[in-house]
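Descriptive structure summary
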Amino acid sequence: MRRAVVLSAMNVDDPLEEQPSRLAGDRNRELDRAAAASGLEWASLRASSFASNTIRAFAPQLRFGEVVRYPFRGFEESLIDERDVAEVAARALLGEADGILELTGPQSLTHGEQVATLAAVLSRPLRFEEVPPEAAAAQMTQRGMPAAFVEALMARYRRHLAGPQHPPTTVVEEILKRPARPFARFVAEHRERF
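Residues numbered from 1 in each chain as written. Predicted model: local features only at pLDDT ≥ 70, side-chain atom pairs only at ≥ 80, totals over all residues. Heavy atoms only, no water.

**As for the overall build of the protein chain**
Helix and strand counts for the protein chain stand at eight helices and seven strands. On C-alpha atoms alone, the protein chain measures out to a radius of gyration of 17 Å, which is about the 16 Å that the 2.2 N^0.38 rule sets for 194 residues. In terms of overall dimensions, the protein chain has C-alpha extents of about 55 × 35 × 30 Å along its principal axes. Put simply, the protein chain has 194 residues, and 49% of those count as buried. Within the protein chain, residue pairs in contact and separated by at least 24 positions form 83% of the contacts whose partners lie at least 6 positions apart. For the protein chain, the exposed area adds up to about 9400 Å²; of that, 53% sits on carbon and sulfur atoms. Computing the positive centroid from 25 side-chain charges and the negative centroid from 27, the protein chain places the two 4 Å apart. (Helix = DSSP H or I, 4+ residues; strand = E, 2+ residues; numbered from the N terminus. Rg over C-alpha atoms; globule rule 2.2 N^0.38 Å. Buried < 20%, exposed > 50% of the residue type's maximum accessible area, 1.4 Å probe, protein only. Contact = heavy atoms within 4.5 Å. Areas by Shrake-Rupley, 256 points an atom, 1.4 Å probe, with all protein chains shown as cover. Lys, Arg positive; Asp, Glu negative; His and termini not counted. Charge placed at Lys NZ, Arg CZ, Asp CG, Glu CD.)

Right, here's the structure in full:
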């Protein structure tokens with residue numbers, strides 16, 4: 001049996017300028033279409049935001065204090081542990097899942113709730129301080145992130161402030177026969193990186 005399994009993203013159908021990963025070289029839309037047109041059995045793993053993105057977003061600040069300054073406290077998403085994505089990919093390669101698979105973590109958390117989870121798991125008195133998007137964008141570009149990527153990230157946040165960007169799905173649980181790993185577990189198992 002020949003199969004194509006591609007790693008894509010939940011925001012694959014969003015406007016291209018609001019897909020930050022595209023500016024980092026990802027071509028999720030093209031991969032999805034190529035897999036579907038390949039003539040092979042295929043699966044597209046449309047993952048929500050990776051839990052490890054919080055390391056890049058929050059860890060540098062946590063090394064210097066107890067305050068996380070970040071925009072859009074209320075932006076909400078269902079972070080997924082990359083290990084769950086890898087396990088689903090293995091099952092898809094074995095023919096146990098196919099088609100479009102929307103993969104999320106088990107819960108939707110705002111930026112503020114993500115920091116509260118970090119505080120609880122790390123046993124630190126962390127607090128979230130919302131900063132204007134312009135100030136956050138300037139800080140990100142000063143740390144070396146490409147300006148176009150940062151602009152797309154801010155556009156993504158603005159666009160999805162009305163509710164969770166990608167509400168939790170049960171796809172991981174259905175395929176793996178166990179719940180997706182929660183963000184608190186990810187933090188506990190990667191505490192040294194925070």
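**Comments concerning the sheet that holds strand 5 (residues 99-103)**
Read from one edge to the other, the open sheet built from three strands follows the order 1-2-5, with strand pairing classed as parallel. On the outer flanks of this sheet lie strand 1 (3-9) and strand 5, each paired with one strand and no other. Strand-to-strand twist of the sheet, defined as the mean angle between neighbouring strand axes without regard to direction, takes the value 20°. Pairing between strand 2 (residues 41-47) and strand 5: five bridges, direction parallel. Bridging from a neighbouring strand, Ser-44 pairs with Ile-100 of strand 5. Here helix 1 (residues 28-37) sits on the sheet in contact with strand 1 and strand 2, set at roughly 155° to strand 1. Sheet strands touched by helix 3 (residues 82-93): strand 1, strand 2 and strand 5. Its angle to strand 1, the strand with the most contacts, is close to 155°. (Pairing = 2+ DSSP bridges. Axes fitted to C-alpha atoms, helices over the stretch in contact; angles between N-to-C directions.)

**Some remarks on the environment of Pro-20**
Turning to its location among the elements, Pro-20 is positioned in the loop between strand 1 and helix 1. Remark: the alpha-carbon pair of Pro-20 and Ala-184, spanning 164 residues in sequence, is separated by 25 Å. Once you skip the residues sitting within four places of it in the chain, Pro-20 turns out to touch Asn-11, Phe-149, Ala-152, Leu-153 and Arg-156.

**Description of helix 6 (residues 147-159)**
Relative to the 18 Å expected for 13 residues at 1.5 Å per residue, helix 6 spans 18 Å between its end C-alpha atoms, a close match to the ideal helical length. For helix 6, the complete set of buried residues consists of Phe-149, Val-150, Ala-152, Leu-153, Met-154, Arg-156 and Tyr-157. Those residues of helix 6 hidden inside the fold are in contact with helix 2 (53-62), strand 3 (67-70), strand 4 (76-77), helix 4 (111-122) and helix 5 (133-142). (Expected span 1.5 Å × (residues − 1).)

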